[in-house]
Structures are given as C-alpha cells and as structure tokens.
Amino acid sequence: MIPVPDVSCPMSRSGYVSLIGRPNAGKSTLLNKMIGAKVAIVSDKPQTTRTRIVGVKHFDEGQLVFVDTPGIHRPLHRLNVRMVDAAVETLREMDVVVLMFDASSRPGRGDEFVSGLLRDARMPVVLALNKVDLIPKNSLLPLIDTAQKWHPFAAIVPISAATGDGVPELERLLLSLVPEAEPIFPDDYLTDQPERVLVAETVREKVLEQTRAELPFSTAVIVDQFDESEREQILRLYCTIFVETESQKPIVIGRGGEMIKRIGTDARRDLEAFFETKVFLDLRVKVNPDWRDNERALDEIGVPRTARRPAKSRRKS
Ligand SMILES: Nc1nc2c(ncn2[C@@H]2O[C@H](COP(=O)(O)OP(=O)(O)OP(=O)(O)O)[C@@H](O)[C@H]2O)c(=O)[nH]1
Ligand SMILES: [Mg+2]
C-alpha cells in the first residue's frame, strides 16, 4: 500500500528567539506586546533591562520562546558587563535573532557595533525597525540601505512595538524561521520571571519613572518579604530600594516623603492589578555603596555572573 502523508497534522515549529539591540530600542515593549502580558519593565531611560527575560507565545502552529536582553552598550561597571554579556551570549544559543533599531533616531556607531557582533552568528537575523509610528514611512529607506551594508539580514521588518503595527507579520516570519520541533514549554507557560522578581521590577520601574540623572542607573530593588499568608484578602510585600550614596537617599524619599509615596502608590496599583488582590507595599531606602561593582551585591540582586571585567573609564555607566 502507498503510505498517505498525514497532512491534517503538520509538524509544529518551535524555537528560541533573542531580542537584541541598543538600550531603549524597544525590545521589552515588543516582548510584552507579543506575549500579551507585562513581564518586562519598560522606561524611557536607557539600560532598563538588567537580565534575560523569557516570554513564551503559543500558536496553533507552534511556539516562539522570546528572550529579551539588556541593551548592548559600553560597560563601565561590573553590573553592565554582566548585562551586556547576557545579551551577547544569546548570539550563540538561539535559533533566530531579532536585532532591533530605533528607527526614529539616526543609525549610529552603536548600531553598527551591535551589527558587527552578528558577524559570526550562524542563525538567521531579522532586523526590526521599531517606532515607525514616530516617523514618515519614506524615511526608512536610507536606514535600510545603511543596515544592509552592515549585515546580510534574513529580512528587514518595520514595526511599532507600541501600537502593534507590523508585529503579527514579524511573528509569522519568525515562526517560519524556527526549526520544526514540538513545543518547548507547556501551553500555559508564560515567563521565567518569578513573582518576587516581578514585584522588585515593578518598584524599580516606578523609580525609573520618577527619578532623573544618575539615580535610575544606581538603583536596585530587592523583595525582603513576600507574605501571602492572607493572600485572599491582602498580599504583604516588603521591599528595599538600594541607592549608592547617602546623598541619593533623600532624592528617592523626596520632600516630606512625597517621592517614595508616589513610587509606592504607582507600584501598588500595578501589583494589585497583576495579582488581582489587595496589596500592602512597604518600601524602604538603604545605601549600598558601589553595589554596581560589588559581585556579592550583584548576586543578591539576581544579575547573573560573567567572567569579563568592565572598561576602565567611569565617566559613563
Ligand atoms: N513611540 C514609540 N515608543 C516606543 C516604541 N517601542 C518602545 N517605545 C518606547 O521606547 C522606550 C524604551 O522602550 P523599552 O522597551 O524599555 O526599550 P528596551 O530596548 O527594552 O531598552 P533597554 O531595556 O534599556 O535595553 C520606552 O519609553 C517605550 O515606551 C514604539 O514602537 N513607538
Ligand atoms: Mg528592556
């Protein structure tokens, strides 16, 4: 008998897709948009994301496992070395890479540098030109021209991670580029981010929103206590916000505690929506000098280790 191919059940496609690019390109915004949940914090300050964040999107035809990464920049602290290495390492491990440019700003040496990192990448690289909602369509052509000289991209896709424009097309393309394979995660799996990390990151997002200059870079948040014994009625969360110097402490606290109150109110509102319960949030501010260069402090904050050392100059972070 001639075997009849089973066309009713085509092989599914699944794979890991890394999101890389310079700080502020919109990688975390895209991750959240694609998986339909906020698992990565977003801000208008560069260097928002500090670790890899996995978010899974399930399709009838398969699964895309996105890995959001910290923006690639010149690292001048041990923290930043760990961040950049977390991003660059994905170039060896993933099935597909999405390199993201902020198309609303002129391509610069930073974009060229990141494109250069792709030289030895064996996997297909898709270039996503983000923030097209901010620019006229015809302004993309010179950017595409420049980018094509930097790397033989598998495709170049204009998107707006904020509005979702072009995102379904990007997802379809990525599904066609990942290997034929069974889903990697169960069909209700969303993210690798533990609840405690989501809490700490939500608080840090509000600190980033409210503060300026050096403060966003020198702030870290840890959850000291996550008390869900009365979760049905109220979830009690105790967090510490670390700053690097005594002089930064009053800035986060604000005049008469005004700033820390606003951070707390905004964070609590988001956390109550996320956990679907009432939240009690206790925030305190502590000085942890030079935590960005202290390996033990970085371990505690949960930024994975790396072997490399930071560059010499401390002028920029
Ligand atoms: N107008 C517009 N703004 C966007 C878009 N995508 C992201 N943004 C904004 O750009 C800023 C940076 O976004 P993020 O998603 O935090 O960028 P990122 O690449 O993850 O940045 P790092 O984590 O620092 O590497 C935020 O203010 C976003 O709201 C977009 O498509 N259009
Ligand atoms: Mg980010």
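Here's what I pulled together on the structure shown here. Residue positions within a chain follow its written sequence, with the count starting from 1. Following the order in which they are written, the chains are lettered starting with A and the ligands numbered starting with 1. Selection of residues for local features in this predicted model requires a pLDDT of at least 70, selection of side-chain atom pairs for listing and counting requires 80 or more, and totals for whole chains, interfaces and linings are taken over all residues. For side-chain calculations, the full set of non-hydrogen atoms in the structure is used, while hydrogens and water are omitted.

1. Comments concerning the pairing of strand β7 (residues 220-227)
When DSSP finds at least two bridges between two strands, those strands are taken to pair. Secondary structure elements are defined from DSSP: runs of H or I of at least 4 residues count as helices, runs of E of at least 2 residues count as strands, and each element is numbered from the N terminus. Where β7 and strand β8 (residues 234-243) come together, seven bridges link them in antiparallel fashion. Opposite Gln 225, over in β8, you have Tyr 238 as the bridge partner. Between the end of β7 and the start of β8, which pair antiparallel, lie six residues.

2. Re the coordination of the magnesium ion (ligand 2)
Donor atoms are limited to N, O and S found within 2.8 Å of the metal ion, a distance that becomes 3.2 Å for Na, K and Ca. With water left out, some sites might look partial. In this structure, Ser 28 (OG) and Thr 49 (OG1) serve as the protein donors to the magnesium ion (ligand 2), at separations of 2.0 to 2.1 Å. You can see Ser 28 sitting in helix α1 (residues 27-35) and its partner Thr 49 sitting in the loop between α1 and β2 (53-59), a full 21 residues away along the chain. Relative accessibility under 20% of the residue-type maximum defines a buried residue, over 50% an exposed one, and the middle range a partly exposed one, all with a 1.4 Å probe and only protein chains included. Look at Ser 28 and you get buried, because its relative accessible area is 9%.

3. Thoughts on the nonpolar core
Side chains of nonpolar character tend, in soluble globular proteins, to be buried together. To qualify as a nonpolar core, a set must consist of buried Ala, Val, Leu, Ile, Met, Phe, Trp, Tyr and Cys residues joined through side-chain atoms within 4.5 Å. Membership of the largest hydrophobic core comes to 27 residues, with the highest contact counts inside it found for Val 17, Leu 30, Leu 64, Phe 66 and Leu 174. Among the secondary structure elements, those contributing two or more residues to this core are β1 (13-21), α1, β2, β3 (62-68), β4 (96-102), β5 (125-130), β6 (155-158) and α6 (167-177). The next biggest cluster of nonpolar side chains, apart from the first, holds 24 residues, and it includes Val 207, Val 243, Phe 275 and Val 285.

4. Regarding the pattern of salt bridges
Every case where a carboxyl oxygen of Asp or Glu lies within 4 Å of a side-chain nitrogen of Lys or Arg is listed as a salt bridge. Counting across every chain of the model gives 23 salt bridges. Between Arg 78 and Glu 295 there is a salt bridge; the shortest N-O distance is 2.7 Å. Of this pair, Arg 78 sits in helix α2 (residues 78-88) while Glu 295 sits in helix α10 (residues 295-301), and the two are 217 residues apart along the sequence. Between Asp 299 and Arg 305 there is a salt bridge, with its nearest N and O atoms 2.8 Å apart. Connected through salt bridges with shared partners, the residues Lys 38, Glu 205, Lys 206, Glu 209, Asp 266, Arg 269 and Asp 270 form a single ionic network.

5. Some thoughts on the sheet that holds β1
Strand order in this open sheet of six strands is β2-β3-β1-β4-β5-β6, and the pairing throughout is mixed. The open sheet has two edge strands, β2 and β6, and neither has a second partner. Each neighbouring strand pair of the sheet contributes to a mean axis angle of 25°, computed without reference to strand direction. Across the sheet, helix α5 (residues 140-150) is in contact with β4, β5 and β6; its angle to β5 comes to roughly 155°. Structural elements are reduced to axes, namely lines fitted to C-alpha atoms, with helices fitted over the stretch in contact, and the angle between N-to-C directions of any two is expressed from 0 to 180 degrees. Working rule for contacts: check all heavy atoms of both residues, and any pair within 4.5 Å makes them a contact.

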